[in-house]
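# Structure at a glance
In case you want the letters, here they are:
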Amino acid sequence: APDNNYISAVYLDSTAYIWNDKGELILKTNVVFDPLTPLDVISFAPDKKIVSMLRGNKRITIFNLEDTSHYELEGHSGDINGAVFSPDGKFLASASKDSTFIIWQLNNSSGYFEKVYSKYYKSRVWSVDFAMNSKYLLCVSDSIDYPVTICSLNGKRVFRRIFYNDTIEARFLARYPKYYHGRYF
């Protein structure tokens with residue numbers, strides 16, 4: 001965890017553990033994840049004692065480490081590939097096989113995260129991550145057109161990257177050399 005008071009482990013059998021800094025077991029539960037995206041199964045909030053977990057049922061479980069209370073976020077219609085907190089702890093973003101990412105915002109009055117924005121892609125969304133200033137979101141999808149996108153938290157796209165096969169890439173380079181930045185993954 002960012003505060004160095006907790007640590008988690010997820011095993012291949014889908015069992016997840018969270019221990020405190022004294023080595024005491026705080027939580028043992030089952031999680032659901034795709035082997036291609038194992039890192040965002042559990043995410044610690046930066047300044048709060050809460051953690052998000054992917055426990056199946058197309059939902060994200062928000063677990064309070066201090067009092068063991070929890071609630072679930074519903075909004076995806078497919079399996080969730082990952083969920084991460086923003087560095088300022090005010091937002092959570094989730095990526096799903098239902099071809100969407102969702103941005104959830106912490107409601108300071110209720111103390112719960114609520115859905116504030118959803119973006120649909122033409123294919124599954126594998127991962128999302130926040131910029132260090134918590135103002136932008138990186139989204140990686142299977143989209144042939146725009147697999148890498150950066151958007152603001154209101155969904156306005158500020159960057160997108162197109163990937164090409166060799167034939168198309170060569171033609172693009174010939175026609176638009178100033179827009180070509182090379183192949184990267």
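Residues numbered from 1 in each chain as written. Predicted model: local features only at pLDDT ≥ 70, side-chain atom pairs only at ≥ 80, totals over all residues. Heavy atoms only, no water.

Attention now goes to the pattern of salt bridges. One pass over the full model with this rule turns up six salt bridges. Note that Lys97 is salt-bridged to Asp34, the shortest N-O span being 2.7 Å. Residue Lys97 is located in the loop between strand 9 (91-96) and strand 10 (100-106), and its partner Asp34 is located in the loop between strand 3 (25-30) and strand 4 (42-44); the two are separated by 63 residues in the primary sequence. Residue classification places Lys97 among the partly exposed residues on the basis of a relative accessible area of 30%. Residue Asp34 is classed as buried on the basis of its relative accessible area of 13%. A salt bridge links Glu74 to Arg59; the shortest N-O distance between them is 3.7 Å. Highlighted residues: Glu74 in strand 7 (residues 70-74) and Arg59 in strand 6 (residues 59-64), separated in sequence by 15 residues. Take Arg59: its relative accessible area is 28%, and that puts it in the partly exposed class. One salt-bridge network, held together by shared partners, links Arg59, Glu72 and Glu74. (Salt bridge = Lys/Arg side-chain N within 4 Å of Asp/Glu carboxyl O. Helix = DSSP H or I, 4+ residues; strand = E, 2+ residues; numbered from the N terminus. Buried < 20%, exposed > 50% of the residue type's maximum accessible area, 1.4 Å probe, protein only.)

This part covers a nonpolar patch on the surface. On the surface, Tyr136, Val158 and Phe159 cluster together to form a nonpolar patch covering roughly 250 Å² of accessible area. When you line up the elements, Tyr136 lands in strand 13 (residues 136-141). (Patch = residues over 30% accessible without salt bridge, like charges linked within 9 Å, V, L, I, M, F, W, Y side chains within 5 Å. Areas by Shrake-Rupley, 256 points an atom, 1.4 Å probe, with all protein chains shown as cover.)

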